[in-house]
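Chain by chain, the residues:
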Amino acid sequence: MLRGIDVSAYQSSSYDTDDISFVFIKATEGRSYVNPRLSAQTKRAREAGLVVGFYHFLWPGNLTAQAEYFVKHAPEKAGDILAVDWETTGEGTHASNAEKDRFIRKVKELRPDNRVILYANRNFWLNIDTTSYAGDGLWIADYVTAGEPRIKAKWRFHQYSDSPHDKDVADFSSRAALRKWAGDA
C-alpha cells in the first residue's frame with residue numbers, strides 16, 4: 001500500500017510530503033469556486049515527485065458546465081488523476097446518480113489522457129449509489145484501518161482518516177506502478 005494525503009484550501013501550501021507517494025488537491029467546486037492555494041499546493045507536490053490528483057466537489061445541476069469549469073482550472077498534465085468528490089453539499093443536497101455518472105463521462109471526454117475516478121464515502125457507495133459507476137476507479141472514504149474499507153467493490157484509493165488531515169492509501173505495489181496506471185489512461 002502506498003500512503004498519500006488529500007488537501008484543500010484548509011491546508012497549508014507547504015504540507016509535509018515525507019513518506020507519501022501521492023496527493024489529491026481540491027481544484028474546484030460547483031461553477032464558481034477555485035481553491036486559492038491550488039497553484040502552490042500543486043507546485044509542492046510536483047517538486048516532491050508525487051503522483052498528483054485533482055478533485056472537483058460536485059453540486060447537483062449544470063453537469064457540463066461543472067465539468068468544463070473543473071478541466072479549465074485543474075492543471076493539465078498527462079499522468080495526473082482527476083476525481084469527482086460526490087457527497088452532501090453544504091445545502092444538504094447531492095448530485096443524483098445520473099448526474100455523477102454524466103460528470104465522470106464528460107470529464108473523461110474532455111481529458112481523455114487522464115484517469116477519472118469517483119470519491120465517495122462508504123454511506124454514499126452503499127446506500128445512495130445505484131449504478132456502481134466509478135469511472136477508472138473508486139476512491140472510498142471509510143475511517144477504519146488503512147486499506148480495509150468495509151465494502152466489497154474493488155477500490156484504488158482509501159481515505160481512512162481525517163485527523164489531523166485527510167490520509168489515504170492506494171492499492172498499488174509501488175509509486176512506479178501507480179504512476180504507470182495513472183499514465184495509461
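Participant: Would you mind showing me how to read the packing of aromatic side chains here?
Facilitator: What describes a pair of aromatic rings is the distance from one ring centre to the other and the angle between the planes of the rings. Applying the stated criterion across every chain, the model contains 11 aromatic pairs. Measuring from centroid to centroid gives 4.7 Å for Tyr119 and Trp139, while their planes differ by 75°, and the two rings are edge-to-face. Pair noted here: Tyr119 is in strand 6 (residues 115-121) and Trp139 is in strand 7 (residues 138-141), with a separation of 20 residues, a long-range link. A residue is classified by how much of its surface remains accessible, and Trp139, at 1% relative accessible area, is buried. A ring pair is formed by Phe157 and Phe172, whose centres lie 6.1 Å apart and whose planes are at 45°; its orientation type is tilted. One end of the pair, Phe157, is in strand 8 (residues 157-161); the other, Phe172, is in the loop between strand 9 (166-170) and helix 5 (175-183), and 15 residues separate them in sequence. Phe172 matches Phe157 in its accessibility class, with the two residues each being buried. Put simply, the rings of Phe22, Phe24, Tyr55, Tyr119, Trp139, Phe157, Phe172 and Trp181 touch in pairs and so form one group of aromatic residues. Sitting over the face of the ring of Trp86, Lys100 holds its NZ or CZ atom 5.0 Å from the ring centroid. One cation-aromatic arrangement involves Arg105 over Tyr133; the distance from NZ or CZ to the ring centre is 4.0 Å.

Participant: Which parts of the structure should I look at to understand the side chain of Thr17?
Facilitator: Tracing the chain through its elements places Thr17 in the loop between strand 1 (2-7) and strand 2 (22-29). Looking at Thr17, the relative accessible area reads 15%, which means it is buried. Excluding residues that lie within four positions of it along the chain, Thr17 makes contacts with Arg44, Ala48 and Leu50.

Procedures and definitions
- Residues numbered from 1 in each chain as written.
- Predicted model: local features only at pLDDT ≥ 70, side-chain atom pairs only at ≥ 80, totals over all residues.
- Heavy atoms only, no water.
- Phe/Tyr/Trp six-rings, centres within 6.5 Å; stacked < 30°, edge-to-face > 60°.
- Helix = DSSP H or I, 4+ residues; strand = E, 2+ residues; numbered from the N terminus.
- Buried < 20%, exposed > 50% of the residue type's maximum accessible area, 1.4 Å probe, protein only.
- Lys NZ or Arg CZ within 6 Å of the ring centre and 35° of its normal.
- Contact = heavy atoms within 4.5 Å.

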